[in-house]
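Commentary on secondary and tertiary structure
Chain by chain, the residues:
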Amino acid sequence: MKKNKLMAYFCVIVLFYLAANFAHPVTPTLIVERGLDSSMFGVALAAMMFVNFLFSPFWGKLCGYIPTKRIMLICGIGYAVGQGIFGMAQSEAMVVGGRMFAGIFTGGMFTAFSNYVVNTSSSIEERGKNLTTLITIQNVASACGYFIGGMMGIVSVEFAFACQVVTLIITGILFFMACEDDTPYKHKPEKPLSIKEANPFSAFAAAKDFMTPMLFLLFATVAVSGIGQNSYEQCFNYFIKDQFGMGSQYNGTIKAVIAVVTLGLNTTLGMYLQKKTDGNKTFVLPIMASTAISCLILVFTQQPIFIGAYIIWSGFNAIRLAMLQNIVASRTTPENSNTVMGFYQSMNSLGSIFGALFAGLIYDMNPMLPFMLAAGAFGCAFLIGMVYITKYNKTKA
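Since we're looking at a predicted model, the values are computed, not measured.

Here's the deal with the packing of helix α13 (residues 284-299) against helix α16 (residues 369-396)
In the contact formed by α13 and α16, the axes pass within 8 Å of each other and the chain directions differ by 155°. What the angle tells us is that α13 and α16 run roughly antiparallel. Where α13 crosses over α16, the handedness of that crossing is left-handed. In this structure, α13 uses Val284, Ile287, Met288, Ser290, Thr291, Ser294, Cys295, Ile297 and Leu298 to contact α16, whose residues at the interface are Phe371, Met372, Ala374, Ala375, Phe378, Gly379, Ala381, Phe382, Gly385, Met386 and Ile389. When its residues are assigned to classes, the contact of α13 with α16 shows 15 nonpolar, five polar and no charged.

Here's what the structure looks like:
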């Protein structure tokens, strides 16, 4: 029964990540068609991720008090409303407002996803496998969602957003129906949630209760590599529209190829690194690969190389995400797992804020500047990762 529930959960996750990406390939078209400032492709996402960053620890704390599936229901509907506002936007202010409203609930959704897996997995091995499956689904389904959204964009921008809103609401309801109540598997908080603790900023203050030097280095790696990821990814989507004149259907097709490459890399190299090596040492390998690819496109800017490099980079990025999430989860306890995973999501969002914002702001100065930022960020993340490995080796010795 429990296995069937988990399978149903993963099926709904697939639908969610498909829907969550319907609007991405048409966002550049929305900006161009409605005469908005070109920086909006980065600024709007940064605004969303800023709110995501603020609220993720709060949602992680809330996961300890109510069933995680209830949070998925609330956040699925809230995310849909925010995207509805975004899709109807005719001004920069409305774009930012819609994205910020959606950001409140995306933080809750992504935090709930990892917490549900951590709470319901019966062993460390099963937890690692399920978290890897979660990241694989996220990357493959997201790429497929891009493809579908790109095809929807041929009809109209409004059609893609309408399909997204409806599907997100449906997934919120399906999560509530398909998932089991994970309350029996969670550590019960000693006191009820107060208004003070519900404050997003107080949730950050709670980090002092679980933070260790090793976790700090991991979170720094997550945040800095997140800058590189979002600077690269967000700029690429706008770059191929702006510089190469490629429409949303091409963006979607590229993502479909990425889905195949990501699935292949994650189920081969990714699983090998997770099962056959010490992830605390080998997690820097996909970061090193991301750094090398980011540097490559600064030298070779021809369209085939530029697109091919992005496809391969996306596969290694998926492996990086899976390994870092699993290492962070391995350093949690039953008492703090919900809060730690909420903080992990917040660090992802922190990287997204700066990556997307800087990419949007510096693009007009030189379209290649965001890719230089990505290369630099991945290089810094690699160096922080090496410091972590040095300290890890000392603790093992």
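Having seen the model, we can carry on.
Focus on the packing of aromatic side chains
Enumeration according to the criterion identifies 33 aromatic pairs in this entry. Seen from their ring centres, tyrosine 9 and phenylalanine 10 are 5.5 Å apart, and the 45° between their planes marks the pair as tilted. Phenylalanine 10 gets classed as buried once you look at its relative accessible area, which sits at 9%. Each ring, one from phenylalanine 239 and one from phenylalanine 306, has its centre 4.7 Å from the other, and the planes form 25°; the classification is stacked. Remark: phenylalanine 306 occurs in helix α14 (residues 303-330) and phenylalanine 239 occurs in helix α10 (residues 213-242); sequence separation between them is 67 residues. Judged by relative accessible area, which is 5%, phenylalanine 239 ranks as buried. Note on phenylalanine 306: relative accessible area 1%, which makes it buried. An aromatic cluster of three or more residues is present, and its members are Tyr9, Phe10, Phe16, Tyr17, Tyr79, Phe110, Phe113, Tyr116 and Phe175. Cation over ring: lysine 69 sits above phenylalanine 176, and NZ or CZ is 5.0 Å from the ring centre.

Regarding a negative patch on the surface
Together, Asp37, Glu92, Asp242 and Asp364 make up a region of like negative charge exposed at the surface. When you line up the elements, glutamate 92 lands in helix α5 (residues 92-120). Of the residues examined, glutamate 92 reaches a relative accessible area of 30% and is grouped as partly exposed.

Some details on the nonpolar core
Tyr9, Phe113 and Phe175 are the most contacted members of the largest nonpolar core, which totals 94 residues. At 13 residues, the largest contribution of residues to this core is made by helix α3 (residues 40-62). With residues near it in sequence (within four places) discarded, phenylalanine 175 still touches Tyr9, Val12, Ile13, Phe16, Lys69, Met72, Met109 and Phe113. With 27 residues, the next largest nonpolar core counts Val140, Phe236, Phe306 and Phe316 among its residues.

Overview of the pattern of salt bridges
Applying the stated criterion to the full structure yields one salt bridge. Two residues, glutamate 158 and arginine 34, come together in a salt bridge whose shortest N-O distance is 2.7 Å. Residue glutamate 158 is located in helix α7 (residues 157-178), and its partner arginine 34 is located in the loop between α2 (27-33) and α3; the two are separated by 124 residues in the primary sequence. On the basis of relative accessible area, glutamate 158 is assigned to the partly exposed category, the value being 42%. For arginine 34, a relative accessible area of 15% translates into the label buried.

Conventions used here
Residues numbered from 1 in each chain as written. Predicted model: local features only at pLDDT ≥ 70, side-chain atom pairs only at ≥ 80, totals over all residues. Heavy atoms only, no water. Axes fitted to C-alpha atoms, helices over the stretch in contact; angles between N-to-C directions. Helix = DSSP H or I, 4+ residues; strand = E, 2+ residues; numbered from the N terminus. Parallel < 35°, antiparallel > 145°, perpendicular 65-115°, else oblique. Left-handed = near helix turned anticlockwise from the far one by under 90°. Contact = heavy atoms within 4.5 Å. Nonpolar A, V, L, I, M, F, W, Y, C, P; charged D, E, K, R; others polar. Phe/Tyr/Trp six-rings, centres within 6.5 Å; stacked < 30°, edge-to-face > 60°. Buried < 20%, exposed > 50% of the residue type's maximum accessible area, 1.4 Å probe, protein only. Lys NZ or Arg CZ within 6 Å of the ring centre and 35° of its normal. Patch = residues over 30% accessible without salt bridge, like charges linked within 9 Å, V, L, I, M, F, W, Y side chains within 5 Å. Areas by Shrake-Rupley, 256 points an atom, 1.4 Å probe, with all protein chains shown as cover. Salt bridge = Lys/Arg side-chain N within 4 Å of Asp/Glu carboxyl O. Lys, Arg positive; Asp, Glu negative; His and termini not counted. Charge placed at Lys NZ, Arg CZ, Asp CG, Glu CD. Core = buried A, V, L, I, M, F, W, Y, C linked by side-chain atoms within 4.5 Å.

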